[in-house]
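# Results of the structural survey
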Amino acid sequence: MGIETMSQTGKRIIIAGGGTGGHIFPAIAIANAIKEQSPDMQILFVGAKGKMEMEKIPQAGYDIKGLDIAGFDRSSLIKNISLPFKILKSFGQVKTIFKSFMPNAVIGVGGYSSFPVLKYAQRLGIPTFIHESNSFAGKSNMLIGKNATRVFVATEGMERFFPAEKIMVTGNPVRKSIVSSTISKAEALAYFGLDTTCKTILAVGGSLGARSINEVMAKHVHELESLHLQLIWQTGKTTAAIYVERGKSYKNVWVSDFITDMDKAFAAADVVISRSGAMSVAELCVTKKPVVFVPYPLAAEDHQTVNAKYLVDKNAALMVKDEDAQSKLFGTITMLATNVPMQEKLIQNISRYAVTNADEIIAKEVLQSIQ
């Protein structure tokens, strides 16, 4: 269905943002919840050209329009010379999208493509909603949040970033496939071709991968069998071929650049190594998994360390700093894999922070604003 046809009848919502799975999957969860509560609602996504949302959103059954926009490059200042021109161009593209689609509300889920969309909506007086998944808010969200209709946040204590009267604590939307999974551990292990008598480590570094985690797994993968351990290893897309080649010759290792059925991976896992992006944290709380977090050290405002520390301080997770991964990560994860009392304690504590209906709460609040 084209945008021109869609704009003629019914209420319409734009969902903007992306860049990583941590923004895209909650956006899809919110969209699905909106469609469940209001089946006639028309939804259009807006993302950044060349980013993974341009592939993942259509796979989920939604239309998406791409903007020619990029974020600030912290690694090379010279690469930012064209940034002002891209931002100006993206505002022109947003204007065209709005003229055609005429949204009644706009939801921003993070990622640099959300900024021009929500900013333009606010200029027009269209209700705008932000979902801030991290416990340390991004700069663009803080700027937009001042004039937002409502700011949905994952945790308490976000008044330092947003006006208190606009904040609504909802938690983070987790994919329904994970929340509603009924797959047994035995079925999940069979799916990955692994042994039901071995303890299973799940190592994930996000959709792009985590170099420190991958290097440790590659270095120690040959030791797993003697420890009666097996591995489900998502390498991420960056330099995936090296790590896939390293792991594929071991019968106790399943390795790929991406895990499509994460519900099966969580069901199979006894312990998990993970980055601590907001959505990874939310999914691990819901699936009640003992986890060793390795926060990505270059995340904006070091928000992944903040996310991990929130649970570590409550004895609900373990953490190894990225800089210490080479010396400490393998020892920490193998210790946890063989320490059942510690696993049980972590499971008990992390389960207290599980939120399974954030998408429904957000959908209801947005829909009420445009009735």
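Refer to the structure printed above.
Residues numbered from 1 in each chain as written. Predicted model: local features only at pLDDT ≥ 70, side-chain atom pairs only at ≥ 80, totals over all residues. Heavy atoms only, no water.

### Points about the sheet that holds strand β12 (residues 291-293)
Taken together, the six strands give an open sheet; going across it, the order is β10-β9-β8-β11-β12-β13, and neighbouring strands pair in parallel fashion. At either margin of the open sheet sits one strand with a lone partner, and together these are β10 (253-256) and β13 (318-319). As paired strands, strand β11 (residues 271-274) and β12 are joined by three bridges and run parallel to one another. Paired with V272 across the strands is V291, a residue of β12. (Pairing = 2+ DSSP bridges. Helix = DSSP H or I, 4+ residues; strand = E, 2+ residues; numbered from the N terminus.)

### So, the sheet that holds strand β7 (residues 167-169)
The strand order β3-β2-β1-β4-β5-β6-β7 describes an open sheet built from seven strands, whose pairing is parallel. Of all strands in the sheet, those with a lone pairing partner are β3 (63-67) and β7, marking the two edges. Strand-to-strand twist across the sheet, computed as the mean angle between neighbouring axes with direction ignored, equals 20 degrees. Sheet topology places strand β4 (residues 105-108) next to strand β5 (residues 128-132); three bridges connect them, and they run parallel. In the sheet register, I107 faces β5, and the bridge partner there is F129. Each of β1 (12-16), β2 (42-48), β3, β4 and β5 touches helix α5 (residues 114-123); the most contacted strand, β4, lies at about 150 degrees to it. Contacting β1, β4, β5, β6 (150-153) and β7, helix α16 (residues 358-370) runs over the sheet at an angle of about 175 degrees to β6. (Axes fitted to C-alpha atoms, helices over the stretch in contact; angles between N-to-C directions. Contact = heavy atoms within 4.5 Å.)

### Some remarks on the pairing of β11
The two faces of β11 match: V271 and I273 on one face and V272 and S274 on the other face are all buried. Relative to β11, strand β8 (residues 199-204) runs parallel, the two being bridged by four bridges. Paired with V204 across the two strands is S274, which belongs to β11. Chirality of the crossover, the property in question, places the unit of β11, helix α12 (residues 278-287) and β12 among those that are right-handed. (Buried < 20%, exposed > 50% of the residue type's maximum accessible area, 1.4 Å probe, protein only. Right-handed = clockwise from strand over helix to strand, strands pointing away.)

### What about the packing of helix α9 (residues 211-220) against helix α14 (residues 325-338)?
Between α9 and α14, the least distance of the axes is 10 Å, while the angle of their chain directions is 65 degrees. For the element pair α9 / α14, the angle class is roughly perpendicular. The element α9 and its partner α14 pack so that their crossing is right-handed. Across the interface between the two elements, S212, I213, E215, V216, M217, K219 and H220 of α9 pack against A325, Q326, L329 and F330 of α14. Here the contact of α9 with α14 is built from residues that sort into six nonpolar, three polar and two charged. (Parallel < 35°, antiparallel > 145°, perpendicular 65-115°, else oblique. Left-handed = near helix turned anticlockwise from the far one by under 90°. Nonpolar A, V, L, I, M, F, W, Y, C, P; charged D, E, K, R; others polar.)

### Some thoughts on α14
Counted at 1.5 Å a residue, the expected span for α14 with its 14 residues is 20 Å, and the 19 Å between its end C-alpha atoms agrees. Where α14 is concerned, the buried positions are A325, L329, F330, T332, I333, T334, L336 and A337. (Expected span 1.5 Å × (residues − 1).)

### Some points on the nonpolar core
Counting 30 residues, the largest nonpolar core has L202, I259, M262, F293 and L311 as its most contacted members. Elements supplying a minimum of two residues to this core: α8 (185-191), β8, α11 (262-268), α12, β12 and α13 (303-312). Here this core gets six residues from one element, more than from any other, and that element is α12. Once you skip the residues sitting within four places of it in the chain, I259 turns out to touch F192, L202, V204, I232, Q234, W254 and A265. (Core = buried A, V, L, I, M, F, W, Y, C linked by side-chain atoms within 4.5 Å.)

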